[in-house]
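Spelled out from the first residue to the last, the chains are:
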Amino acid sequence: MNQLSAIVLCLSLSFSAAGSAKQATPVEQATAVLKSGDTELAIELLKKQQSDPQAMLQLAKIYIASDLDEAEDWIEKAAEKQTDSAEIHYWRGRIMGSQAQNSVFSALSYAGKSLDSFTRAVELRPDSVRYRNALMQFHLQAPGIAGGDVKIAKQQVLRITELDVKAGLKAEIDFAFAEEDELAAQQLLNDAMLAYKDIPDFYFDAGMIQQRQENYSKAFEYFTHAISKKADDERSVKVKYSAFYQLGKTSVLSEQNIEAGISALQEYVANYPDLEGLAPKPWAKFRLANLLALNGQKPEAKKLYQELLESSVQDVAKGAKKALKKM
């Protein structure tokens, strides 16, 4: 038995031991490998199932962080193979949106594909806050020539609120900031922090606003509040870990609160939850190395940078190479 077969067999047995009524599918096995951190092996396993649209989707999600053209190829294949999957259309929207931002000559074409995909995802799953939020964000961020429409964005805010009050409040805040109504947005955010003071969600939003305005001490304060709060659902878990990451990033940007930033990024790396929308772990390791270097811990920083030279996230690998040359 070769190494690959042995790993797959172990994964199948682990699924059975966990009480699964049936053996894990090849795509489930590959996904488990991916979660264990072996991206190359996961890609190898998924490509063996490349006629399966779920394998194609997983490949697109892997490549979105490192090779958008490759991600586009796989998501297009998945969408052609399974036309009625809201999740595939959602990811196609994300990938085409990223391509639009990185393209000069094809931006409008990619934007149109992104809009079509988000719209289709909502049509297929009208009760999904996640898909409606993606459609809302497109209409808020895209110019009219690319299909953006503030009226449609507002419709999505209202529909999201009907589905989930807390998510609706977040959507209202995003809408107000996008419309540059900072007074209304700040009032909504203050109200949200009072109404939901025991969860991290709105403290994190406040921190991000302060970080963008380069008010780093205030951003650090809000992120510190966020990581101290209880995360009682998946969305709040994602927000809390985003706060750990952003607290570390704020320490890098400000070159202050270094030890707290190191602790936050160490927590992020050690207990990284596999949830959509979180910063990739290599970015957290890169920022952790930045802080270790700032803190005079050069050997530890150098070791991390050397590990990151092989990162699949190209900007991280380039940043690590550049940092090592300066050490």
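Residues numbered from 1 in each chain as written. Predicted model: local features only at pLDDT ≥ 70, side-chain atom pairs only at ≥ 80, totals over all residues. Heavy atoms only, no water.

Asker: Sorry, what's going on with the overall build of the protein here?
Answerer: Of regular secondary structure, the protein possesses 18 helices and 0 strands. For a compact globule of 327 residues, the expected C-alpha radius of gyration is about 20 Å, and the protein comes in at 21 Å, within 12% of that figure. Within the protein, the proportion of its 327 residues that are buried is 46%. Within the protein, contacts between residues separated by at least 24 positions form 50% of all contacts whose residues are at least 6 apart in sequence. Placing the 39 positive and 44 negative side-chain charges of the protein at their respective mean positions leaves the two points 3 Å apart. (Helix = DSSP H or I, 4+ residues; strand = E, 2+ residues; numbered from the N terminus. Rg over C-alpha atoms; globule rule 2.2 N^0.38 Å. Buried < 20%, exposed > 50% of the residue type's maximum accessible area, 1.4 Å probe, protein only. Contact = heavy atoms within 4.5 Å. Lys, Arg positive; Asp, Glu negative; His and termini not counted. Charge placed at Lys NZ, Arg CZ, Asp CG, Glu CD.)

Asker: Any chance you could explain the side chain of R92 here in plain terms?
Answerer: With respect to the element layout, R92 can be found in helix α6 (residues 86–102). A relative accessible area of 14% places R92 in the buried class. From its side chain, R92 meets the backbone oxygen of K113 in a polar contact 3.4 Å long. (Polar contact = N/O pair within 3.5 Å; in protein donor to acceptor, adjacent residues only side chain to side chain.)

Asker: Mind showing me how you'd approach the nonpolar core here?
Answerer: In a soluble, globular protein the nonpolar side chains are often hidden away together inside. If you look at the biggest cluster of nonpolar residues, it comprises 47 residues, and the most contacted ones within it are L189, M193, F202, F204, F223, Y268 and Y305. At 7 residues, the largest contribution of residues to this core is made by helix α14 (residues 234–254). Look past the residues within four positions of F202 in its chain and what remains in contact with it is K166, L169, K170, I173, L189, A192, M193 and Y196. By size, the runner-up hydrophobic cluster in this structure holds 39 residues, among which are A86, Y110, F118 and L135. (Core = buried A, V, L, I, M, F, W, Y, C linked by side-chain atoms within 4.5 Å.)

Asker: Help me understand the pattern of salt bridges in this model?
Answerer: Side-chain pairing between opposite charges can occur once the charged atoms of the two side chains come close. All told, the structure shown has 12 salt bridges when counted by the stated rule. With a shortest N-O distance of 2.9 Å, D174 and K170 are connected by a salt bridge. Taken as a pair, D174 and K170 lie in helix α10 (residues 165–178) at a separation of 4 residues, close to a single helical turn. (Salt bridge = Lys/Arg side-chain N within 4 Å of Asp/Glu carboxyl O.)

Asker: Honestly, the packing of aromatic side chains in this entry has me stumped. Any pointers?
Answerer: Here a ring pair, both rings aromatic, is described through the centre-centre distance and the interplanar angle of the planes. This model, assessed by the stated rule, comprises 11 aromatic pairs. Where Y90 meets W91, the ring centres are 5.7 Å apart and the plane angle is 85 degrees; that geometry is what we call edge-to-face. Both residues of the pair, Y90 and W91, count as buried. Look at Y90 and F118: their rings are 6.1 Å apart centre to centre, the planes differ by 55 degrees, and that puts the pair in the tilted class. Here Y90, found in helix α6, pairs with F118, found in helix α7 (residues 107–124); they are 28 residues apart in sequence, far enough to count as distant. Per residue, the accessibility class of Y90 equals that of F118, and both read buried. When the ring centre of Y90 is taken as reference, the NZ or CZ atom of R130 above it lies at 4.3 Å. (Phe/Tyr/Trp six-rings, centres within 6.5 Å; stacked < 30°, edge-to-face > 60°. Lys NZ or Arg CZ within 6 Å of the ring centre and 35° of its normal.)

Asker: Can you help me understand helix α8 (residues 129–141) in this one?
Answerer: Because the α-helix completes a turn every 3.6 residues, residues three or four places apart line up on one side. Taking 1.5 Å as the rise per residue, α8 with 13 residues should run 18 Å; its terminal C-alpha atoms sit 18 Å apart, in good agreement. Y131, R132, A134, L135, M136, Q137, F138, H139 and L140 are the residues of α8 that are buried. (Expected span 1.5 Å × (residues − 1).)

Asker: Could you clarify how one ought to interpret unusual backbone geometry in this entry?
Answerer: A negative phi holds for most residues other than glycine; trans holds for most peptide bonds. Even without a glycine there, the phi angle at E180 is positive, about 60 degrees. With a phi close to 50 degrees, N257 is a non-glycine residue in the positive phi region. Turning to its location among the elements, N257 is positioned in the loop between α14 and α15 (258–270).

Asker: Sorry, what's going on with a negative patch on the surface here?
Answerer: Among the surface-exposed residues, E179, E180, D181 and E182 lie close enough to one another that they form a single negatively charged patch. Checked against the element boundaries, D181 lands in the loop between α10 and α11 (182–195). On the basis of relative accessibility, which here comes to 39%, the residue D181 falls in the partly exposed class. (Patch = residues over 30% accessible without salt bridge, like charges linked within 9 Å, V, L, I, M, F, W, Y side chains within 5 Å. Areas by Shrake-Rupley, 256 points an atom, 1.4 Å probe, with all protein chains shown as cover.)

Asker: How do you make sense of the packing of α6 against α7 when you look at a structure like this?
Answerer: A pair of packed helices can be characterised by two numbers: the angle between their axes and the separation between those axes. It is at 7 Å that the axes of α6 and α7 come closest, and there the two elements cross at 160 degrees. Comparing their axes, α7 and α6 come out roughly antiparallel. Note that α6 runs across α7; the crossing there is left-handed. Along its contact with α6, which presents A86, H89, Y90, R92, G93, R94, M96, G97, Q99 and A100, the element α7 presents A107, Y110, A111, K113, S114, S117, F118, R120, A121 and L124. When its residues are assigned to classes, the contact of α6 with α7 shows 10 nonpolar, 6 polar and 4 charged. (Axes fitted to C-alpha atoms, helices over the stretch in contact; angles between N-to-C directions. Parallel < 35°, antiparallel > 145°, perpendicular 65-115°, else oblique. Left-handed = near helix turned anticlockwise from the far one by under 90°. Nonpolar A, V, L, I, M, F, W, Y, C, P; charged D, E, K, R; others polar.)

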